[in-house]
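# Working through the structure, step by step
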Amino acid sequence: MSNEIMKDYLKEKTKLKSTIIGVGNAGNQFVNAAFAEGHENVFAINTSERDLSDVNLNQNIPAFLVGDEARGAGQNRQKAKELFQYNGRQLFAIPRFQEFVQTADIVYVTGSTDGGSGSGIAPELVKLLTMIYPNKIIIYYGSLPKISTPAANSHKNMIECLNEINTLKVPYMLADLS
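Calculation notes
- Residues numbered from 1 in each chain as written.
- Predicted model: local features only at pLDDT ≥ 70, side-chain atom pairs only at ≥ 80, totals over all residues.
- Heavy atoms only, no water.
- Pairing = 2+ DSSP bridges.
- Helix = DSSP H or I, 4+ residues; strand = E, 2+ residues; numbered from the N terminus.
- Axes fitted to C-alpha atoms, helices over the stretch in contact; angles between N-to-C directions.
- Contact = heavy atoms within 4.5 Å.
- Core = buried A, V, L, I, M, F, W, Y, C linked by side-chain atoms within 4.5 Å.
- Buried < 20%, exposed > 50% of the residue type's maximum accessible area, 1.4 Å probe, protein only.

Strand order in the open sheet formed by 6 strands is β3-β2-β1-β4-β5-β6, and the pairing between neighbours is parallel. The sheet is open, and its two borders are formed by β3 (63-65) and β6 (172-176), each paired with just one other strand. Within the sheet, the average angular offset between the axes of one strand and its neighbour, ignoring direction, is 20°. In terms of strand pairing, strand β4 (residues 106-112) meets strand β5 (residues 137-144) through 7 bridges, oriented parallel. Across the sheet, residue Tyr108 finds its bridge partner in β5, namely Ile139. Each of β1 (18-23), β2 (42-46), β4 and β5 touches helix α2 (residues 24-36); the most contacted strand, β1, lies at about 145° to it.

Printed below as a string of structure tokens:
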């Protein structure tokens, strides 16, 4: 075998397969950008039907609407958690979602740490994923609120979200997008 053929062979055999699950508006923007860059294993989750519309999200991205209201959580983490309690487990019955998670070596769950849907649902989703797939690498990727964000609720949401993620003992990455 030539060196080039060997390099290509090894590159293909050692490639890790990843799935990105975007939760809330920020998470959905992240998966939309990843999809535009050619990442096919992406999934969008939101409490807002508008955020999942084709205006905001490529319609080729599979999506799941949490809850029964479709109006979003309005930066209310508790409301997002309640909506996820309503039908969140149904997500795990969706064949495409199952396939994306089961075939991945690494599952990234991404969302905002300061909003409602992302900061409320992402920790719950990470918890369920680690319980259902204990041998899977689950990584939380959260975006931090902008320093200029005046709302004290944003910073409260961030602290609560990160405390929950920290108790799950999963690797996490945080992005400062200010």
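Now that the structure is up, let's keep going.
If you look at the biggest cluster of nonpolar residues, it comprises 30 residues, and the most contacted ones within it are Ile21, Ile45, Phe97, Val109, Leu125 and Leu129. Contributions of two or more residues to this core are made by β1, β2, α3 (77-87), α4 (95-102), β4, α5 (117-132), β5 and α6 (152-167). Broken down by element, this core gets its largest block of residues, 6 residues, from α5.

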